[in-house]
Structures are given as structure tokens and as C-alpha cells.
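Commentary on secondary and tertiary structure
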Amino acid sequence: MASTVASDKRPGYGQLLRTPGAWTFLLPGFAARQPFAMLTIGIVLLVQHTTGSYGSAGAVAAVTGVSMALFAPQSGKLADRFGQRAVLVPGVVLHTVSVSVLTTLALTGAPLWALFAAAVPTGASVPQIGPMVRARWAARLQGSPLLPTAAAFESVTDEFTFVVGPVLATALCTGVHPAAGLIAEAGLTLIGGLLFAAQRRTQPAHGNALAAERAERVSALSVPGVRVLAVAFLGIGAVFGGMQVSLTAFTEEIGNPGMNGLLYGLFAAGNMLAGVAVGAVAWKSGPRRRLVVGYTALTLTASLLWTAHSAAVLGALGLVVGLCIAPALISGYTLVEALVPASARTEAFTWLTGAVALGQAAAVTVAGQLADAHGASTGFLVPLVGTALALMTLLLLRSRLTPPPVGRVAARGIGHRVPVAVD
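Model, not experiment: these values are computed from the prediction. (Residues numbered from 1 in each chain as written. Predicted model: local features only at pLDDT ≥ 70, side-chain atom pairs only at ≥ 80, totals over all residues. Heavy atoms only, no water.)

1. Things to note about the overall build of the protein
Condition: Strands are runs of DSSP state E lasting at least two residues, helices are runs of H or I lasting at least four, and both sets are numbered from the N terminus onward. The cut-offs for exposure are 20% and 50% of the maximum accessible area for each residue type, with area from a 1.4 Å probe on protein chains only; residues under the lower value are buried, those over the upper are exposed, and the others partly exposed. Contacts are assigned to residue pairs that have any heavy atoms within 4.5 Å of one another.
What the protein contains, in helices and strands, is 18 helices and zero strands. Each of the 423 residues in the protein was classed as buried or not, and the buried ones make up 56%. In the protein, of all internal contacts separated by at least 6 residues, the share reaching a separation of at least 24 is 84%.

Given below as C-alpha cells:
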């Protein structure tokens, strides 16, 4: 049921957070989405410690990311059809068990193939909390001008997890035990995921309750714009993965591994600050134009990372790169509201999240191999190549990010949607 939010003034974060029921899913959702930010770096640090190879560590993390990318959309589709709780409860239990098995195998010196085998269910079971929270906002705010503000708020929350998660995982792995990051990740997944699943009142209506839409269920990936956005988000994932592995290798090279969390925190902090600003501004240009401009800036700034040879310069460049990510992410998620029917929205969000994970998986593999063979600086070429290829695709297929006409939407029974000016 749509929330009746007053709109007599320009929508803002305070007004958004007064949405009835919002805090009941925001707080447990924040704890439960930490695994996405902690898992990759936790695996990299543990496996590198036990094998001595960044290439092996990146490969295991990559298997996890690929598995997540392949299974996340299916999780979103099941949540749209059967409800979020039905997917979350068994999912978080499986994830906790899988992480425990992977950690045990790494610590006991198991062969690499065994780590790969354990990485598959670990990635497949990562709970898709971010997309589920976005779907709850969409259900609560249907017809409200606060939807773009909610998209910005969620991106800020995502980026804040990327400030807290990697720093926490790195501190635990370097200061407590190499496995402590993954153990904490599993605990947060279990507790936060179960608490989030318990919030039934804010759960969006699922497929069995949407009888009018069951007759013509739309796959999110059948929407051309979603495919274009997925490619764009692959490049963003390349930045995350390339930065995680390359920063780890760089701080090892300079003999100060503890600085890894600080440098990655600067990168993620830039991302978060930009997200706050994007959500606070009343934009005159549409999300499609902002996506292209933001992505161009991201590619240009990422091209400078490999030139940095000091921690101070790298920290400053990482901050600037982070500032360029949030506008692209927020614009992409805002476009989903206009492109995708409500019955497939969770699936659409998970395709984008999965694309980030897939890009991240490829990046940690390639960056790890480059760091092993040629030094940490070469690993920073991965964000450049990933964003450049995605930007070319985005520019060539930009026209596919146009929403269907309102009349056509109504005729298909998709339901009410907030008009979004894409340019």
C-alpha cells in the first residue's frame, strides 16, 4: 500500500525517514547488508595469509562473486514471487554454514579446488538485503516524490557499509586473527538477516498476492534498459574489486598492511559523501544524463590510479574516484523505477547488485594476477579498463534507457509509476 507522504516542500532525508514503518526494516537491513562489503576482502586476506598468493586469494574471491552474480537474480525473482521472508530465512542459514566451511578449509590448508567448491555456496547464498530494502521503499512510497530521495538514501547506506565493512574486516583480520573478518561476516548475516526477515508488515506484496500481474509476469532482464545498466554496473564492480586487491597489495609493498583499511575507507567515504550530496540536490537534469556524466567522470579519475606511488597520493585519488561512483549508482537505481514493473523490481535490483559482484569478481582475479606478476600498481589498471568498456557500452546504447510510454505501461497492467524525466 502506498505511503501517504506529504509533498508540500522539496523532499528531503528527514521527510523520507518519517515514512511509517521505515525504521523497522532500515536498522536490521543495515546490519544484514554488511556481508556484501566484508566478504570479498575477508576472503582475500584469509586466503592470501594461508597460501601466500594474491592470485589464489583473488581467484577464490572471484568464484564467490561469480556465484553471487549468477544466483542473486534468481533470489530476487523468488522474493518477488513468494515473499522476502521465504527466501531470506533459509538463505542466511546456508550462508553462515558455507562461510564456516570455507574458513575451516582455508585454515587447515585445504587444496585450492576445495576452496573453490566452498566458495560457490558462499556466494550463492549472500542475502540480497539492499535490493530487498529498495523494494520495500518502492512499495511504501509508490506515487510519492520521495522515491528518488529513497534511491539516494539507499546508495548512501550502501556506501557507508563500504566504509564500515572493509575497515572492520581488515582490522579484525590484521589485529585479531586472519579468519576473524569472515567469522564476523557470518554472524552479522545470520543475526541481521533473521531480524530483517521478521519485519513482515513492510514486506512488499509478493506474486501470489498480485493476481492482476500474474497473468503477464515480466522478467527484469527482458527490459533492454536493465541489460544496459547491468553492463554499466559491471564497470563499477571492477572499481570495487580492483581497489580492494590492489590497495591490499600496495600496502604490503610499502610495509604497512594496516594502512589498507584507511585507504579503502577514504575511497568508500568519498562514495558516501557524494551520495549524500546527490540525494540532497534538486536535480534539473534527468537520471540518464546524470548517469552518463557521472560515469565519464568515474572513468577519467580511475585512469589516474595506476600512476600513484605514495600512500598520500593514492588516498587522495581514491577519495576522488569514490566521489564519482555514487552519482552513477544512484542514477542507475533511479532509472529502474521508471523502466521496470513493480512485479519484477526486486529481481531488477538484484541484477544490478549481481553485476557489481560479477565485475568485482573479475577484477579481483585479474588485479590479483597482475599484482603477483608485476606489482601492485599494475592492478590499478583494472578499474580503468572496466569503466572504459562499460562507458563505451553506455554511450552506444543510451537510447535503451528510455522508459515505455505511460499509456503502454497502463495497458500492460504494470501499475502506477512515478513519472521520471530521464534527460
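2. Observations regarding the packing of aromatic side chains
Put simply, the rule is: For Phe, Tyr and Trp, rings pair up if their centres lie within 6.5 Å, where Trp contributes its six-membered ring, and each pair is then called stacked (planes under 30 degrees apart), edge-to-face (over 60) or tilted (otherwise).
Using the criterion set out here, one finds five aromatic pairs in the structure. Ring geometry for W137 against F153: centres 6.4 Å apart, planes inclined by 80 degrees, an arrangement best described as edge-to-face. Of this pair, W137 sits in helix 7 (residues 129–140) while F153 sits in helix 8 (residues 147–175), and the two are 16 residues apart along the sequence. Consider the rings of F240 and F267, whose centres lie 5.8 Å apart with planes at 70 degrees: the pair is edge-to-face. In this pair, F240 sits in helix 11 (residues 224–253) while F267 sits in helix 12 (residues 259–280), placing the two residues 27 residues apart along the sequence. A residue is classified by how much of its surface remains accessible, and F240, at 2% relative accessible area, is buried. Assessed through its relative accessible area of 0%, F267 is described here as buried. Among the aromatic residues, ring-to-ring pairing joins F25, W137 and F153 into one connected group.

3. Quick notes on helix 13 (residues 287–302)
Spelled out, the test is: The length a helix should cover is 1.5 Å for every residue beyond the first.
A rise of 1.5 Å per residue sets the reference length of helix 13, with its 16 residues, at 22 Å; its end C-alpha atoms lie 22 Å apart and thus fit the reference within 8%. Listing the buried residues of helix 13 in full gives P287, R288, R290, L291, V292, G294, Y295, L298, T299, T301 and A302. Where helix 13 is buried, its residues contact helix 11, helix 14 (311–339) and helix 17 (381–396).

4. Here we look at the confidence of the model for the protein
As a reminder, the rule being used: Values of pLDDT, ranging from 0 to 100, describe the predictor's confidence in every residue of the model.
This prediction gives the protein a mean pLDDT of 80; 87% of its residues lie at or above 70. Low confidence marks residues 1–8, where pLDDT is under 50. Its contacts with residues over four positions away, or in another chain, come to 17 contacts. In the model, residues 209–216 has pLDDT below 50 throughout and makes eight contacts with residues more than four positions away in sequence or in other chains.

5. Quick word on the pattern of salt bridges
For clarity, the threshold we go by: We define a salt bridge as a contact between a side-chain nitrogen of Lys or Arg and a carboxyl oxygen of Asp or Glu at a distance within 4 Å.
Within this structure, the stated rule accounts for one salt bridge. For R33, the salt bridge goes to E154, with nearest N and O atoms at 2.6 Å. Of this pair, R33 sits in the loop between helix 2 (22–32) and helix 3 (34–51) while E154 is found in helix 8, placing the two residues 121 residues apart along the sequence.

6. Regarding helix 15 (residues 345–374)
Over its 30 residues, helix 15 runs 43 Å from end to end, which matches the ideal 44 Å to within 8%, given 1.5 Å per residue. Just past helix 15, the residue G375 takes up positive phi, approximately 105 degrees.

7. Looking at the environment of S75
Mapping S75 onto the fold places it in helix 4 (residues 54–82). Note: C-alpha distance between S75 and T346 (271 residues apart in sequence) is 8.9 Å.

8. Points about the packing of helix 11 against helix 17
Stated formally: In this analysis, axes come from line fits to C-alpha atoms, helices being fitted only over the stretch in contact, and the angle between any two N-to-C directions falls in the range 0 to 180 degrees. When describing relative orientation, an angle under 35 degrees is termed roughly parallel and one over 145 degrees roughly antiparallel, while 65 to 115 degrees is termed roughly perpendicular and anything else oblique. Note that Gly is not counted as nonpolar here; it falls among the polar residues with everything else outside the nonpolar set of Ala, Val, Leu, Ile, Met, Phe, Trp, Tyr, Cys and Pro and the charged set of Asp, Glu, Lys and Arg.
Between helix 11 and helix 17, the shortest axis-to-axis distance is 8 Å and the interhelical angle comes to 170 degrees. Here helix 11 is positioned roughly antiparallel relative to helix 17, judged by the angle of their axes. Residues V228, V231, A232, G235, A238, V239, G242 and M243 of helix 11 lie in contact with helix 17, whose contacting residues are V382, P383, G386, T387, A390, T393 and L394. Taken together, the residues of the contact of helix 11 with helix 17 break down into ten nonpolar, five polar and no charged.

9. So, the side chain of T103
Position of T103 among the secondary structure elements: in helix 5 (residues 84–107). Given the relative accessible area of 7%, T103 is considered buried. Among residues more than four places away in sequence, those in contact with T103 are L46, A179 and L182.

10. Focus: a nonpolar patch on the surface
Put simply, the test is: Patches draw on residues past 30% relative accessible area with no salt bridge. Two like charges within 9 Å are joined, as are two nonpolar side chains (Val, Leu, Ile, Met, Phe, Trp, Tyr) within 5 Å. Note on areas: Shrake-Rupley, 1.4 Å probe, and residue coverage restricted to the protein chains presented here.
Taken together, the side chains of V66, L70, F71, V120, L234 and L358 present a nonpolar region at the surface, about 470 Å² in accessible area. Per-element accounting of the nonpolar patch gives the leading share, three residues, to helix 4. One can find L358 in helix 15. L358 gets classed as partly exposed once you look at its relative accessible area, which sits at 35%.

11. Some points on the side chain of S67
Just so we agree on the cut-off: A 3.5 Å cut-off defines polar contacts: any pair of N or O atoms within that distance qualifies, except that in protein one atom must be a possible hydrogen donor and the other a possible acceptor, and neighbouring residues in sequence count only when both atoms are side-chain atoms.
Position of S67 relative to the elements: it lies in helix 4. There is a polar contact of 3.1 Å between the side chain of S67 and the backbone nitrogen of A124. The residues touching S67, leaving out its near neighbours within four places in the chain, are A119, V120, G123 and A124.

12. So, the nonpolar core
Stated formally: In these notes, a set of buried Ala, Val, Leu, Ile, Met, Phe, Trp, Tyr and Cys residues joined through side-chain atoms within 4.5 Å is what counts as a nonpolar core.
Ranked by size, the top nonpolar core spans 50 residues in total, and within it F233, I236 and Y295 carry the most contacts. Residue assignment for this core shows that the elements contributing at least two residues are helix 11, helix 12, helix 13, helix 14, helix 15 and helix 17. For this core, the leading source of residues is helix 11, giving 13 residues. Contacts of F233, omitting those with residues within four sequence positions, involve A328, L329, G332, Y333, L352, A355 and V356. Among the nonpolar cores identified, the runner-up in size contains 28 residues, and L39, A61, L115 and A119 belong to it.

13. Description of the packing of helix 5 against helix 9 (residues 180–197)
At a closest axis distance of 9 Å, the pairing of helix 5 and helix 9 adopts a crossing angle of 170 degrees. Judged by the inter-axis angle, helix 5 sits roughly antiparallel to helix 9. Taking contact as the criterion, the partners of Q84, R85, L88, V89, V92, V93, H95, T96, V99 and T103 in helix 5 are, on helix 9, L182, E185, A186, T189, L190, G193, L194, F196 and A197. Here the residues of the contact of helix 5 with helix 9 are counted per class, giving eleven nonpolar, six polar and two charged.

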